[in-house]
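What follows is the residue order along each chain.
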Amino acid sequence: MTDFFGGIFAAFELVFSLDEDLVEISLRSMQVTLSAVVISAFIGLPLGAYLALSRFRYRRFAIALLNAMMGLPPVVVGLVVYLLLSRSGPFGVLDLLFTPTAMIIAQTIIVTPIIASLSHQALRELWHQYHDLLISLHTGKFQRMKTLIWDGRRPLLTATLTGFGRAIGEVGAIMIVGGNIDHLTRVLTTAIALEVGKGDFQLALSLGIVLILLAVLVNLSVHMLSKTERAGTW
Amino acid sequence: MVSTLLPAECVGVTVKRQGRTILGPIDWTLEDECFTIVLGPNGAGKTTFLRLLHGLQQPRSGKVVWQKRGADLYCAQSFVFQTPIVMRRSVLENIRYPLSVRKVDREESYKQTRYWLERVGLADKSELDAASLSGGERQKMALARALITRPDIVFLDEPTTNLDGASTASLEAILKSAQQDGCKIVMATHDLSQARRLADDVVFLHKGKLVEHSSSQLFFDRPQSDLASAFTRGELLT
């Protein structure tokens, strides 16, 4: 219990003192996570829209595969990315292993199926609702995707924030491909894992609270900027 | 205005669903310059017939032959559904949508949208979410969205079914006005009094078959079939 309350107290102390190390790893956490989420959204949202309104031979299989990939084990993703980026791997020449870029790649692989799958589910409903109108207006496939993404922006925002939630709390994959190197690839989650390993539960808990505060802050900011909850607007 | 799409011809068209023929075979010609009412009891196939003409439904056999093809054909038609499809946008953006699809100049599209907002009486609600409109207002919005592209033909699938008397009268006035502007109207209804008010000619369907096609006056004064006669007397329920 002492650790718990001590952790909360230490967290606020860390935040308000603007501890240099904390600021550095917090900013790196945000940089890695937001980069991965933005890339995943650029891939996942159109992919979800495409799956919602297209009919092709292996569509059901593609959707089932995408849904299954939502549960990709991060450690396995980390291992695969590690092998691909390691010196002896096919992309070893790029020298990306143990860099924030490698962490972004791993997180993108984890988050893209989540955003794509949730987008597909949300846009499938919308497509069902709009189908006759968009066919009647003789819209092209690109126009339909554009319309669905724009009009479904609220559930798509939720899908993207779900991806953000998964990414910001991820530790297994980025630990493997990033290596948790101080001042280079250390982020909040890997720092928490390190402190737990060292037995400094108070610091680990305080870092955890900072992580949660950051996640809440990002979610609130996105909702406020996009005015999703303003009365009388879509 | 004489539509360059018409006359359109249905040649032996049938529509099947789950192995059952729900429409046809129908041989019929859609002529220009009149208000055509597709009349029939519930389940007669009116909706399927309109969807077939508009291209939303493909025939199992036969074909619908228009005087134009492809984009020229579909861009000259509009459809108003029985339950208005409300896009998750403002009223103004709902009405403007067909123009944005056709890449009409932004300023021009807003000008035309404002004109149609005035014409259907929704100018004061233009910035509201379309979902906040009443049933009658939604249908007016859908009608404005259908007419904003100035189509040659508008198909309407029982657009006044859920509306009160005032909203129905308002919608009918807009339709009459559109017809005077040269738009061909094809409207499904099971409302005899509405058909009497609006129709120039009547297509009567029953159980998926085209039973009678005649001028409105002939249909109501001297129906040629027993089924049509029973329907006009209010005795044919299904």
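Higher on the page you've got the structure.
All of the points below concern the structure found in this document. Everything numeric in this text was worked out from a predicted model, so none of it was measured.

As a further point, take the overall build of chain A. Across its full length, chain A carries 10 helices and 0 strands. Ordered by position in the sequence, the α and β elements of chain A form the string α-α-α-α-α-α-α-α-α-α. A principal-axis box enclosing the C-alpha atoms of chain A has dimensions of 65 × 50 × 30 Å. Classification of the 234 residues of chain A by burial places 46% in the buried group. Across chain A, contacts joining residues at least 24 apart in sequence account for 74% of those joining residues at least 6 apart. The positive charge centre, built from 17 side chains, and the negative charge centre, built from 15, are 21 Å apart in chain A.

A separate point is the sheet that holds strand 1 (residues 8-17) of chain B. Note on sheets: strands pair through backbone hydrogen bonds, and any given pair is parallel or antiparallel. Residues and elements named next belong to chain B. Judged by pairing direction, the sheet is antiparallel, and its 3 strands sit side by side in the order 2-1-4 without closing on themselves. Both outer strands of the open sheet, strand 2 (20-30) and strand 4 (61-65), are each paired with one neighbouring strand and no more. The sheet shows a mean angle of 20° between the axes of neighbouring strands, direction not considered. Pairing of strand 1 with strand 2 involves 7 bridges; the strand directions are antiparallel.

The subject of this paragraph is the interface of chain A and chain B. The interface of chain A with chain B comprises 21 residues on the first partner and 20 residues on the second. Between chain A and chain B the total buried area reaches about 1,900 Å² when both faces are included, carbon and sulfur atoms providing 56% of it. Remark: the boundary between chain A and chain B carries 2 salt bridges. Linking R89 of chain B and D151 of chain A is a salt bridge whose minimum nitrogen-to-oxygen distance equals 2.7 Å. At the boundary of chain A with chain B, the tally comes to 7 residue pairs in polar contact (both at pLDDT 80 or more). Mapped by element, the contributors of at least two residues to the side of chain A that touches chain B are helix 5 (100-136), helix 6 (141-151) and helix 7 (153-168) of chain A.

We now examine the pattern of salt bridges. All names here are of chain B. Counted by the stated rule, this structure contains 11 salt bridges over all chains. In this structure, E93 and R96 form a salt bridge, with 3.2 Å as the shortest nitrogen-oxygen distance. Pair noted here: E93 and R96 are both in helix 3 (residues 91-101), with a separation of 3 residues, about one helical turn. For E137, the salt bridge goes to K125, with nearest N and O atoms at 2.4 Å. Residue E137 is located in helix 5 (residues 135-147), and its partner K125 is located in the loop between helix 4 (106-119) and helix 5; the two are separated by 12 residues in the primary sequence. By relative accessible area, which is 24% here, K125 ends up partly exposed.

All names here are of chain B. A sheet is described by the order of its strands in space; here 6 strands give the open sequence 5-6-7-3-8-9, paired in mixed fashion. Looking at which strands have only one partner, the edges of the open sheet turn out to be strand 5 (77-80) and strand 9 (209-215). If you compare each strand with its neighbour and ignore which way they point, the axes differ by 15° on average. The sheet contact formed by strand 3 (residues 35-39) and strand 7 (residues 184-189) spans 5 bridges and is parallel. From the neighbouring strand, L39 faces strand 7, where its bridge partner is T189. Contacts from helix 6 (residues 165-180) reach strand 3, strand 6 (153-157) and strand 7 within the one sheet, and its direction differs from that of strand 7 by about 150°.

We now examine the environment of F42 of chain A. Relative to the assigned elements, F42 of chain A resides in helix 2 (residues 20-53). A C-alpha to C-alpha distance of 13 Å links F42 of chain A and M145 of chain A, two positions 103 residues apart in sequence.

To continue, consider the packing of aromatic side chains. Residues and elements named next belong to chain B. The final tally for this structure, using the stated rule, is 11 aromatic pairs over all chains. Ring geometry for F79 versus F81: centroids 4.7 Å apart, planes at 40°, classification tilted. Each ring, one from F204 and one from F231, has its centre 5.2 Å from the other, and the planes form 45°; the classification is tilted. Of this pair, F204 sits in strand 8 (residues 201-206) while F231 sits in helix 9 (residues 226-232), and the two are 27 residues apart along the sequence.

All names here are of chain B. Judged by how many residues are buried, helix 1 (residues 46-54) sits mostly within the fold: 8 of 9 residues are covered. Within helix 1, the full set of buried residues consists of K46, T48, F49, L50, R51, L52, L53 and H54. Just downstream of helix 1 lies G55, where phi reads positive at about 95°.

Residue and element names in this part refer to chain B. By the alternation rule, side chains of strand 5 split into Q77 and F79 and S78 and V80, which are all buried. Note that strand 5 and strand 6 share 4 bridges and pair parallel. Within strand 6, the position partnered with V80 by the bridge is L156.

Right, let's get into the nonpolar core. Counting 68 residues, the largest nonpolar core has F49 and W66 of chain B as its most contacted members. Take this core: its biggest share by element is 9 residues, from helix 2 of chain A. Not counting residues up to four positions away in its chain, the partners in contact with W66 of chain B are L5, L6, A8, L30, L53, L73, Q77, I153 and F155 of chain B. Of all hydrophobic cores here, the second largest spans 43 residues; its members include L39, I95, L117 and A178 of chain B.

In this section: unusual backbone geometry. Residue and element names in this part refer to chain A. Not every positive phi belongs to a glycine, and L18 is a case in point at roughly 50°. Note on placement: L18 falls in the loop between helix 1 (2-17) and helix 2. Positive phi, close to 65°, is recorded for H183, a residue that is not glycine. Within the fold, H183 resides in the loop between helix 8 (172-178) and helix 9 (188-198).

Reading guide: rules and limits
Residues numbered from 1 in each chain as written. Chains lettered and ligands numbered in written order. Predicted model: local features only at pLDDT ≥ 70, side-chain atom pairs only at ≥ 80, totals over all residues. Heavy atoms only, no water. Helix = DSSP H or I, 4+ residues; strand = E, 2+ residues; numbered from the N terminus. Buried < 20%, exposed > 50% of the residue type's maximum accessible area, 1.4 Å probe, protein only. Contact = heavy atoms within 4.5 Å. Lys, Arg positive; Asp, Glu negative; His and termini not counted. Charge placed at Lys NZ, Arg CZ, Asp CG, Glu CD. Pairing = 2+ DSSP bridges. Axes fitted to C-alpha atoms, helices over the stretch in contact; angles between N-to-C directions. Buried area = accessible area lost by both parts, 1.4 Å probe. Salt bridge = Lys/Arg side-chain N within 4 Å of Asp/Glu carboxyl O. Polar contact = N/O pair within 3.5 Å; in protein donor to acceptor, adjacent residues only side chain to side chain. Phe/Tyr/Trp six-rings, centres within 6.5 Å; stacked < 30°, edge-to-face > 60°. Core = buried A, V, L, I, M, F, W, Y, C linked by side-chain atoms within 4.5 Å.

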